[in-house]
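A structural walkthrough
The lines below spell out each chain.
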Amino acid sequence: MPGDIAAAAEILGNAKRLVVLTGAGVSTESGIPDFRSPGGIWSKYDPREFTFDRFCASAEVRAGYWDMGASLYPMLRDAEPNAAHRTLAALERKGGLQRIVTQNIDGLHQKAGSSAERVIEIHGTALEVACLSCGWRTDRDSIQQRFADGDRDPHCDCGGLLKPATISFGQAMPERETAMAFEDAEAADAFLVVGSSLVVYPAASIPGVAVEHGASLVIVNREETPYDTHADVVLQGTAGVLLAEIAATLDLPITDA
Ligand code: NAD
């Protein structure tokens, strides 16, 4: 049943326990490229360079990571939410939205007005830095500045390695948050995917869990996904445009946060 805004709006508008999964595609209209589209981040950087094991093992790899951050992090920090993020915040204000599980590391859902406790950042956040030994956290600006000032391998006061608080390839997912995302999916009566290729696991399996437990599924993405055949409604196109149409159908006020 592709392309039916009214059908999608009815499912989302009537949901009592809506869970949303967002991927890089929800933020491309905010100027942050995704990983897999042509011109995406991975056509410029090689992900194999930045596995968790390599980061931990080599000061040279760590310096390369902070160096990549010097160009990528300001883009993430300064991006502004778009109509898709704002529609999701409006759905929360309306009531019935239980959780946004995001694969993104850009903090744009919170910037758009979604409350922090309703957002699970399943791949962490690029806006903070964490110590891999004692867990101390701080904002990323101060550590990028230390790197810019000549500290090529920033460490914590405890001696531990500092790393942006994102989940790298080969790094364990945050246990509590991942478990919560699956629990929310099991309890959902409706599930919305926005801007995810649904090929990165385990996040990609969350919509399937929701459907197995009886949720209706709406997918908004520019290209096909492996879960389209399980969806009640598939809207293929631009997230900001399609979510703004859904917001208009539901008469949801879209405001800046
Ligand atoms: P992905 O790159 O695998 O897929 C993004 C999907 O969004 C693609 O199918 C693409 O066609 C679609 N898309 C792109 N722009 C769109 C738009 N405007 N409207 C609708 N669809 C659009 O991303 P993913 O599934 O999130 O998976 C992978 C990883 O990417 C995650 O681990 C995440 O941490 C990381 N990532 C995050 C950011 C960010 O924080 N903004 C950016 C790049 C990558």
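Placed above this text is the structure.
Residues numbered from 1 in each chain as written. Predicted model: local features only at pLDDT ≥ 70, side-chain atom pairs only at ≥ 80, totals over all residues. Heavy atoms only, no water.

**With respect to the site of the ligand**
Applied cut-off: Note on terminology: near, applied to a residue and a molecule or strand, indicates that one of the residue's heavy atoms is within 4 Å of it. Polar contact is defined as a pair of N or O atoms within 3.5 Å, subject to the rule that within protein one atom must be able to donate a hydrogen and the other to accept it, and that residues adjacent in sequence are counted only when both atoms are side-chain atoms. The Shrake-Rupley method, run with a 1.4 Å probe sphere, supplies the accessible areas, and residue values consider only the shown protein chains as cover. Throughout, the ten residues Ala, Val, Leu, Ile, Met, Phe, Trp, Tyr, Cys and Pro are labelled nonpolar, Asp, Glu, Lys and Arg are labelled charged, and all others, Gly among them, are labelled polar.
Near the ligand there are 26 residues, and of these Arg36, Gln103, His123, Ser197 and Glu223 occur at the shortest range. One of the backbone nitrogen or oxygen atoms of Ala24 is found 2.8 Å away from an oxygen atom of the ligand. In the model, a nitrogen atom of the ligand is placed 3.5 Å from a nitrogen or oxygen of the Gly25 main chain. Isolated, the ligand exposes 860 Å² of accessible area, and the fraction of that covered by the protein chains is 96%. Tallied by class, the residues present in the shell around the ligand amount to seven nonpolar, 13 polar and six charged.

**Structural notes on the nonpolar core**
How we decide: The set of buried Ala, Val, Leu, Ile, Met, Phe, Trp, Tyr and Cys residues whose side-chain atoms join them within 4.5 Å is what this entry labels a nonpolar core. In this scheme, a residue with accessible area under 20% of its type's maximum is buried, one over 50% is exposed, and one in between is partly exposed, where area comes from a 1.4 Å probe on protein chains only. Per the convention used, a helix needs a DSSP run of H or I reaching at least four residues, while a strand needs a run of E reaching at least two, with both numbered from the N terminus. We call two residues in contact whenever any of their non-hydrogen atoms come within 4.5 Å of each other.
If you look at the biggest cluster of nonpolar residues, it comprises 28 residues, and the most contacted ones within it are Leu18, Val20, Leu192, Val220 and Leu235. Those elements giving two or more residues to this core turn out to be α1 (5–14), β1 (18–22), α4 (83–94), β2 (97–102), β7 (190–194), β8 (216–221), β9 (233–236) and α9 (239–249). No other element matches the five residues that α9 contributes to this core. When neighbours within four sequence positions are excluded, Val20 is seen to be in contact with Leu88, Leu97, Arg99, Ile100, Val101, Leu192 and Val194. By size, the runner-up hydrophobic cluster in this structure holds 21 residues, among which are Val101, Ala188, Ile219 and Val234.

**Here we look at the packing of α1 against α9**
The cut-off we apply is this: Only the contacting stretch of a helix is used when fitting its axis, a line to C-alpha atoms as for every element, and angles between N-to-C directions run 0 to 180 degrees. Here the angle decides the label: under 35 degrees means roughly parallel, over 145 means roughly antiparallel, 65 to 115 means roughly perpendicular, and every other value means oblique. Note on convention: the crossing is left-handed when the near helix lies turned anticlockwise from the far helix by less than a right angle, right-handed when the turn is clockwise.
Contact geometry of α1 with α9 gives a least axis separation of 9 Å together with a crossing angle of 65°. Considering their axes alone, α1 and α9 lie roughly perpendicular with respect to each other. Crossing handedness for the pair α1 and α9: right-handed. On α9, the residues touching Ile5, Ala8, Ala9 and Leu12 of α1 are Leu242, Glu245, Ile246 and Thr249. Each residue belonging to the contact of α1 with α9 can be placed in one class, and the counts come to six nonpolar, one polar and one charged.

**Considerations on the sheet that holds strand β6 (residues 162–166)**
Operational definition: Following DSSP output, two strands are said to pair if at least two bridges run between them.
With respect to topology, three strands assemble into an open sheet ordered β5-β4-β6, the strand pairing being antiparallel. The sheet terminates laterally at β5 (137–139) and β6, the two strands that pair on one side only. Each strand of the sheet is rotated relative to its neighbour by a mean of 40°, with strand direction disregarded. One ladder, built from four bridges, connects strand β4 (residues 124–131) with β6; its direction is antiparallel. Paired with Val129 across the bridge in β6 is Pro164. On top of the sheet, helix α6 (residues 140–148) reaches β4, β5 and β6; it is set at about 80° to β5, its chief contact.

**Remarks on helix α7 (residues 175–187)**
Put simply, the test is: Multiplying 1.5 Å by the residue count of a helix minus one yields the expected span of that helix. By construction, the arc corresponds to the directions joining the helix axis to the C-beta atoms.
When the terminal C-alpha atoms of α7 are compared, their 19 Å separation across 13 residues agrees well with the 18 Å that a helix rising 1.5 Å per residue should span. Within α7, burial applies to Thr178, Ala181, Asp184 and Ala185. Down the axis of α7, the buried set is contained in an arc of 125°. They therefore lie on one face. Of the exposed residues in α7, the ones pointing more than 90 degrees away from its buried face are Glu175, Arg176 and Glu183. As for α7, its buried residues are in contact with β1, β2, β3 (119–121), β7 and α8 (206–212).

**Some remarks on the sheet that holds β1**
With respect to topology, six strands assemble into an open sheet ordered β3-β2-β1-β7-β8-β9, the strand pairing being parallel. Only two strands of the sheet have a single partner each, and these edge strands are β3 and β9. The mean angle between the axes of side-by-side strands here comes to 15°, regardless of whether they run parallel or antiparallel. Bridge count for β1 against β7 is five bridges, and the pairing is parallel. In the strand pairing of β7, Val19 is matched with Phe191.

**Some words on the packing of aromatic side chains**
Put simply, the rule is: For Phe, Tyr and Trp, rings pair up if their centres lie within 6.5 Å, where Trp contributes its six-membered ring, and each pair is then called stacked (planes under 30 degrees apart), edge-to-face (over 60) or tilted (otherwise). Note on criteria: charge over ring means Lys NZ or Arg CZ within 6 Å of the ring centre, with the direction from the centre no more than 35 degrees off the ring normal.
Summed over all chains, the structure comprises two aromatic pairs. Here Phe55 and Tyr65 contribute two aromatic rings whose centre-to-centre distance is 5.3 Å and whose plane-to-plane angle is 80°, an arrangement assigned as edge-to-face. With Phe55 in helix α2 (residues 52–57) and Tyr65 in helix α3 (residues 59–78), the pair connects residues that are 10 residues apart, well separated along the chain. Taken together through their ring pairs, the aromatic side chains of Phe50, Phe55 and Tyr65 make up a single cluster. Over the ring of Phe55 we find Lys163; its NZ or CZ atom is 5.9 Å from the centre of that ring.

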